[in-house]
Every structure is written in structure tokens, then in C-alpha cells.
Amino acid sequence: MFSYRHAFHAGSHADVLKHFVIVQLIKYMQGKEAPFVYIDTHAGAGLYALDTGYAAKSAEYKTGIAKLWDRKDLPSSLADYIDVIKALNPNGKLRYYPGSPYCAEYLLRIEDRLRLFELHPTEVKILLENMKKCEQHRAAEGHKARGRRIMVEASDGFHALKALLPPQQRRALVVIDPSYEDKQDYQRVKQSLAEAIQRFANGMYMVWYPILQRQGSRELPKKLSQLPINNWLNVTLSINQPLPDGFGLHSSGLFIVNPPWTLEGTLKEVLPYLVQVLGNDSGAKFTIEANADVR
Ligand code: SAM
């Protein structure tokens, strides 16, 4: 179960879609002054060096962030996401890539809260160290949170989510981003989302999923849309045709519950750009589907 390491995929086209949307969701949550909690059920290591180890070996960032790095024609909402990465690489050379916890930590206000879960013993250790450095950086800038701003736990994020809902703040953004290495993950995502919605229907939830030949993967968005949810949006991005050997991830999707009303418009602006810049052949495309209540 523990062979998955997100560093292999850091900065890939799938990460670009996921982290670009996370930045949009956080910015929307921050449109209101009231603090909120950001919950990441499958957090990973938080931050990745692209020039060493697994990330350098797989070089998946070349399918994603590397193609956007020097672009001068970025749509402004995509630039919001690139700005997070630019802040990590102040000398202008793309060396570090932020995972979802880092994107959130960078953007969250001192009164917002992060609750991060990661099961892999090595990943959680690195995540803890990375988050400690973020806290030290905040402290050096004179920001001190009341109570624990960041909590990292070495536990099962599916299981932990329930206990955090409804949140004290009554506002939450929940990211559910498993590796799907275990086929049970498809069922567990559905089950966790169903329970979470039952406990806290007003939360904003984002589920990432790979688009593979595997049946569980193909059926997931449909199954999620059948949950008792009034507002949802499903977005997918493919960068090429499936390869004949079925190898590699060419498409991924995000299923978002209670999306910002602005999101569909933003995606309609940015996704054609991503298809153009990240696409490799005529199989490059995007889809956006939303239920009637968000339109
Ligand atoms: N969200 C991260 C990001 O965007 O930077 C990437 C997460 S990666 C796709 C999935 C992570 O979930 C892996 O690091 C894996 O070790 C971890 N994991 C697998 N099963 C888990 C579980 N039940 N609870 C918490 N973490 C789990």
C-alpha cells in the first residue's frame, strides 16, 4: 500500500489542474472575513524539489508546471496559482513545487486553520518538517496564531474527516486527494463524501480523481453526482490520447461540491488555455459539467 510517493507526480498536468483550482477555492473562501478550516485528507509531503530524487527521475513536471513557468500570457486566475510557486522560487528558476498543504499554508490567513492527514510514515515526517518551517517563517514575520493553526496527523484521512465535521468555524474547504493505488479508494471517497455531507452539507469539498481505463475511475464522478448534493461541478483535463499500452496518466478530474458561483466562468476561461499549452495531440481537451443550481 505504501509504494505511492507523490514526488513522482509533483507539478504534472494533474497537479496543475488540482492546485490551480485549490488556489481559486481558497481565494473565494477568503472573500469573507470569517475564518475557515482547510482540511486535506491525503496531504502528501507538502513540498517537492524538482531537481532531485523521485521528481527529477520521473520529470512529470515537464507535462505541467514547466510548460507554464515562462509564459507571459497567463490568464489572471492561473497567474494566482503560478504566483504561489514563484514565491517558492524567488530567483526565478523552477526548483521547488508546492503540494496542496503548502499552497494552502501560503494563502491561508493567520486566523484560518489547516488540518492535514497523511498515512505514509516518511511523507508525514517530511510534511511535519515543511509545516514547521512555514510556522517559523510566519513567526519571524511577527504573525502569531491563537491556538494551533496547523495540525498534521499520521492517520487515515477518510476516517479522520468525520470527526472534524461540522467544524467549529462553520466554514470548511475539504480536499480529498487519494492516490487510488488501493482500488477501495473509489468506494471510500464516495462513502466519506456522503458522510461528510450528511454532517456538514454547507462545506466546500473537492475530490481529485484519475481518468483511467479502470471501471472504478470512470464511474466515480457519476456516483458522486448521485449523492444528495444540490450544487456540484465536475471538470476534467486531458493532455493527449490514451497511449496504446495504456501506460501513463493523461487525464484527471475534479469533482467539487458547493463550488464558488464564479468557478465555472473561471474554468471556461482557463481550461482552453491549459489545453493549448499543455496539450500534446488531438486528444487534448477539457470538459466542464455543473448541475443546474450553480448556473
Ligand atoms: N494532496 C497532495 C498534493 O496535492 O500535494 C497529494 C496527495 S497524494 C495524491 C496521496 C497521499 O495520500 C499519498 O502521500 C499517500 O501516502 C497518502 N495516503 C494514502 N492513503 C491514505 C489515507 N487513508 N489517509 C491519509 N493519507 C493517505
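Report on the accompanying structure.

Let's talk about the overall build of the chain
Piece 1. Across its full length, the chain holds 10 helices and 10 strands.
Piece 2. The globule rule puts the C-alpha radius of gyration for 295 residues at 19 Å, and the 18 Å found for the chain is close to it.
Piece 3. Across the 295 residues that make up the chain, the buried fraction comes to 54%.
Piece 4. Looking at the chain alone, contacts between residues at least 24 apart form 81% of all its contacts between residues at least 6 apart.
Piece 5. Element-wise, carbon and sulfur atoms account for 51% of the exposed surface of the chain, whose accessible area totals about 13800 Å².
Piece 6. Side-chain charges in the chain split into 37 positive and 31 negative, and the spacing between the mean points of these groups amounts to 2 Å.

Here we look at the site of the ligand
Piece 1. In the region of the ligand, 21 residues are neighbours, and H19, H42, S100, E118 and D177 sit closest.
Piece 2. In the model, a nitrogen atom of the ligand is placed 2.8 Å from a nitrogen or oxygen of the G157 main chain.
Piece 3. Considered class by class, the residues forming the shell around the ligand number five nonpolar, 11 polar and five charged.

Some remarks on the sheet that holds strand β5 (residues 150-153)
Piece 1. Here eight strands make up an open sheet; going across it, the order is β5-β4-β1-β6-β7-β9-β8-β10 and the pairing mixed. Of all the strands in the sheet, just β5 and β10 (285-290) have a single pairing partner and so form its edges. Neighbour-to-neighbour, the strand axes of the sheet open up by a mean angle of 10°, direction not taken into account.
Piece 2. In this structure, strand β7 (residues 204-210) lies alongside strand β9 (residues 251-257), joined through six bridges in antiparallel fashion. Residue V207 lies in a different strand from β9, and its bridge partner there is F255.
Piece 3. Running at roughly 150° to strand β4 (residues 113-117), helix α7 (residues 157-164) makes contact with β1 (37-40), β4 and β6 (172-176) of the sheet.

Rules of the game
- Counting from 1, residues in each chain are numbered in the order their sequence is written.
- Whole-chain, interface and lining totals are the exception, using all residues; otherwise, since this is a predicted model, local features are given only for residues with pLDDT of at least 70 and side-chain atom pairs are given and counted only at 80 or more.
- To obtain the side-chain values, all non-hydrogen atoms of the structure were used and water was disregarded.
- The helix count covers DSSP runs of H or I at least four residues long, the strand count covers runs of E at least two residues long, and both are numbered beginning at the N terminus.
- As a reference, a globule follows 2.2 Å times the number of residues to the power 0.38, and the radius of gyration itself is taken over C-alpha atoms.
- Remark: exposure states derive from per-residue accessible area (1.4 Å probe, protein chains only) relative to the maximum for the residue type, with buried under 20%, exposed over 50%, and partly exposed in between.
- Any two residues whose heavy atoms approach within 4.5 Å at even a single point are treated as in contact.
- All accessible-area figures derive from a Shrake-Rupley calculation using a 1.4 Å probe, and residue coverage is judged against the displayed protein chains alone.
- Charged-residue counts in this description rest on Lys and Arg as positive and Asp and Glu as negative, His and the chain ends being excluded.
- Here the site of a charge means atom NZ of a Lys, CZ of an Arg, CG of an Asp or CD of a Glu.
- By convention in these notes, a residue is near a molecule or strand provided one of its non-hydrogen atoms lies within 4 Å of it.
- A 3.5 Å cut-off defines polar contacts: any pair of N or O atoms within that distance qualifies, except that in protein one atom must be a possible hydrogen donor and the other a possible acceptor, and neighbouring residues in sequence count only when both atoms are side-chain atoms.
- Residue polarity is assigned by list, with Asp, Glu, Lys and Arg as charged and Ala, Val, Leu, Ile, Met, Phe, Trp, Tyr, Cys and Pro as nonpolar; anything else, Gly included, falls into the polar class.
- Two strands are said to pair when DSSP picks up at least two bridges between them.
- Each axis is a line fitted through C-alpha atoms, taken for helices only over the stretch in contact, and angles between the N-to-C directions span 0 to 180 degrees.

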